Amino acid sequence: MSDFYIILTGTLVAISCGILGCFLILRKMAMVGDAISHAILPGIVIAFLWSGSRDSVTMLLGAGTLGVLTTIIIEFLHKKGKLQADASIGVTFTWLFAIGVILISAFTGQVDLDQECVLYGEIAYVPLDTIILNSGTDIGPKALYLIGTVLVLVILFVSIGFKQLKITSFDPEYAVALGISATLWNYLLMAFVSFTTVASFESVGAILVVAFLIAPAATAYLISKKLKTMILLTCLIGFLSAILGYYLAASLNASIAGAMATVCGLIFAIVFTYIRIMSKKVTKVTKFESVKA
Amino acid sequence: MIKQVENPIIEIHDLSVAYERKPVLWDVDLSLPEGQLIGIIGPNGAGKSTLLKAIMGLLPLNSGYIQINGKPLEEMRHKISYVPQRESVDWDFPTSVYEVVMMGRYGQLGLFNRPKKADAEIVMDSLRKVGMDEFKNRQISQLSGGQQQRVFLARALAQQADIYFMDEPFAGVDAATEKAIIKLLGEMSAQNKTVIVVHHDLQSVAKYFDWIILLNMRLVASGPINEAFTPELLQETYGGKLTLLTEISDLIQKHRFPNRE
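Naming follows an unreviewed UniProt entry, where chain B appears as Manganese/zinc/iron transport system ATP-binding protein of Marivirga sericea. Here is the UniProt Sequence similarities (unreviewed entry) comment for chain B, exactly as written: "Belongs to the ABC transporter superfamily."

An unreviewed UniProt entry annotates chain A as Manganese/zinc/iron transport system permease protein of Marivirga sericea. If you open the UniProt record of chain A and go to Sequence similarities (unreviewed entry), you find "Belongs to the ABC-3 integral membrane protein family." The heading Subcellular location (unreviewed entry) in the UniProt record of chain A holds the text "Cell membrane".

Here is the structure:
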């Protein structure tokens, strides 16, 4: 049963991250996911210091707030400060993460809150922390419910706002001319990225979250002609990475999150190579035909 | 020479726009007639695109205000259509010609409605008008420059607006597309639509437009083509740029003695 729970958790994280990742890639903001996943560290620490508890909801609120704040700072530096997008991302998340590290080492020395568990998570422990009802029935891991809720919210958000997300990604200025606020949808998307990242990361770790945000969507981007196809392919690739990653980890007795992220990369490499070979073949054919003509 | 009109479709008062405190448009004050093809002419960096974007509310204004048909912009948003510069978007975006043109309907559709049959018909009709209906399923990355421009035009047509703003629609397009666009502009103005075009090719100004706005940070002229397209006003607009000046005088010559080959 625990195999099933781990694969299911991985898949749910992969799908919710992947759907949002598609839009991040199309907006050329792929690294924002990486930035958010690091920059929320001080949020987690402050939430802990404030409330003294380590339950998921408190952590989510602290981290989510910081995630949105990160986006606002990045946007501000980029738009108003005229700094390049990548430089604003780099500056913002490194100093926020550093503040988080200082807060942890200075104030939470005596308690169990360390970078290890925040950054790396451990998907293998997911099946251990289950919800047991008063009647004594075990209804499955806590993380699964948290991530399941996030996935439902992400799907709702993207299906309701699909037109708006698409047009603000493709041509934000035109969207504004139509009366659709590009800024609003950008912040909504980033808020979802923050909460998804935080919710996922407690169970699977930051590295896997960043991998799932970008790699499956980047792979799907290479082979999709339409946005809907890209999103569906991303989900499929995410699912494959979770399942293959789990069995790779089991056979090597290695880190599950690491193996899942590796499989993401491998699938990308295979698709990329395939595309390169196919495009070479096509150019050869056209060359031959043009000679004949 | 700034000619004000009665019952203007667009009225601009004391408009100033600055980027980073550097003024780009200075004290522009003009009114435009309905149902005409209007060209915005001026040298590079004269603020032509800025004027267009300012009228559509895409930029913050430093001073002044704009009225469309006597009402503020927000109330008239649905009457306005926009063709941005082709280079302003990423043409590798995974979407088809049909889907891009459908975006023209998003303003009317709002948040919860999905495109209906009527919207699909409008989209196909717009595609036919620009001669792109055969390409409706093509991915946009596989279009030529001229075809990209036609898709943008179709998207603007799908909005079914009364006022069209076009930012350099003739830049880098093939002759066939240029012809198609001109034909379309003619049809639109016959239906009493107002079309405002940013244009930089002086050769074709007199041929294409009914009314021109000469701009070089400040407004030099705004009036009917036969009154505003004069050597003196062009010199004032392009002043100092000698190579351009000689080109202009050539043009004026040609304009006076049409080539009868």
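Draft legend 1. Looking closely at the overall build of chain A. A tally of helices and strands in chain A yields 13 helices and two strands. The principal-axis extent of the C-alpha atoms belonging to chain A is close to 80 × 50 × 35 Å. Counting across all 293 residues of chain A, residues that qualify as buried make up 47%. A sequence separation of at least 24 residues applies to 71% of the contacts in chain A between residues at least 6 apart.

Draft legend 2. Broad picture of the interface of chain A and chain B. With 20 residues of chain A at the contact, the number on the chain B side is 17 residues. Those elements that place two or more of their residues in the side of chain A that touches chain B are helix 8 (162–170), helix 9 (172–178) and helix 12 (227–252) of chain A. Per-element tally for the side of chain A that touches chain B: the top contributor is helix 9 of chain A, with five residues.

Draft legend 3. View of the pairing of strand 8 (residues 194–199) of chain B. Residues and elements named next belong to chain B. Most of strand 8 sits out of view: six of its six residues are buried. Where strand 3 (residues 37–41) lies against strand 8, five bridges are found, and the strand directions are parallel. Among the inter-strand pairings, Ile 38 is bridged to a residue of strand 8, identified as Ile 196. Considered for its hand, the β-α-β crossover made up of strand 7 (residues 163–167), helix 7 (residues 175–190) and strand 8 is right-handed.

Draft legend 4. Region of interest: helix 12 of chain A. Residues and elements named next belong to chain A. When the terminal C-alpha atoms of helix 12 are compared, their 36 Å separation across 26 residues agrees well with the 38 Å that a helix rising 1.5 Å per residue should span. For helix 12, the set of buried residues is Leu 227, Met 230, Ile 231, Leu 233, Thr 234, Ile 237, Gly 238, Ser 241, Ala 242, Gly 245, Tyr 246 and Ala 249. One or two residues past the end of helix 12 sits Asn 253, with phi positive at roughly 55°.

Draft legend 5. How the structure looks around the packing of helix 2 (residues 30–39) of chain A against helix 11 (residues 206–223) of chain A. All names here are of chain A. Orientation of helix 2 relative to helix 11, taken along the N-to-C sense of each, is 165°, at an axis distance of 9 Å. In terms of axis orientation, helix 2 runs roughly antiparallel to helix 11. The chirality of how helix 2 crosses helix 11 is right-handed. Across the interface between the two elements, Ala 30, Gly 33, Asp 34 and Ser 37 of helix 2 pack against Ala 206, Val 209, Val 210, Leu 213 and Ile 214 of helix 11. A per-class count over the contact of helix 2 with helix 11 returns six nonpolar, two polar and one charged.

Draft legend 6. Spatial organisation of the pairing of strand 3 of chain B. Residue and element names in this part refer to chain B. Within strand 3, five of the five residues are buried, leaving the element largely enclosed by the surrounding structure. Pairing of strand 3 with strand 9 (residues 211–216), which is carried by four bridges, proceeds in the parallel orientation. In the sheet register, Gly 39 faces strand 9, and the bridge partner there is Ile 212.

Draft legend 7. Structural context of the environment of A:Ser51. By secondary structure assignment, the location of A:Ser51 is in helix 3 (residues 41–51). Spatially, the C-alpha atom of A:Ser51 lies 29 Å from that of A:Gly136, the residues being 85 residues apart in sequence.

Cut-offs applied
Residue numbering note: each chain is counted from 1, following its sequence as written. Chain letters and ligand numbers both follow the written order, the letters beginning at A and the numbers at 1. Under the rules for a predicted model, residues below a pLDDT of 70 receive no local features and side-chain atom pairs below 80 are neither given nor counted, while totals for whole chains, interfaces and linings still include all residues. UniProt positions are given in the numbering used here, feature names are shortened, and annotations may be inferred rather than shown by experiment. A run of DSSP states H or I qualifies as a helix once it reaches four residues; a run of E qualifies as a strand once it reaches two. Both are numbered from the N-terminal end. As a rule, residues whose C-beta atom has 12 or fewer other C-beta atoms within 10 Å are exposed, those with 20 or more are buried, and those in between are partly exposed; C-beta atoms are placed from the backbone. Residues are scored as being in contact if the C-beta atoms we place from backbone atoms lie within 7 Å. Think of it this way: DSSP has to see at least two bridges between two strands before they count as a pair. We call a crossover right-handed when, viewed with the strands running away from us, the connection from the first strand over the helix to the second turns clockwise. Here a helix's expected span is defined as the number of its residues, less one, multiplied by 1.5 Å. Every axis in this analysis is a line fitted to C-alpha atoms, fitted for helices over the stretch in contact. Angles between the N-to-C directions lie between 0 and 180 degrees. Here roughly perpendicular refers to angles of 65 to 115 degrees, roughly parallel to angles under 35, roughly antiparallel to angles over 145, and oblique to all remaining angles. Note on convention: near helix rotated counterclockwise from far helix by under a right angle means a left-handed crossing. Clockwise means right-handed. In the scheme used here, Gly and all other residues not listed as nonpolar or charged are polar, with Ala, Val, Leu, Ile, Met, Phe, Trp, Tyr, Cys and Pro taken as nonpolar and Asp, Glu, Lys and Arg as charged.

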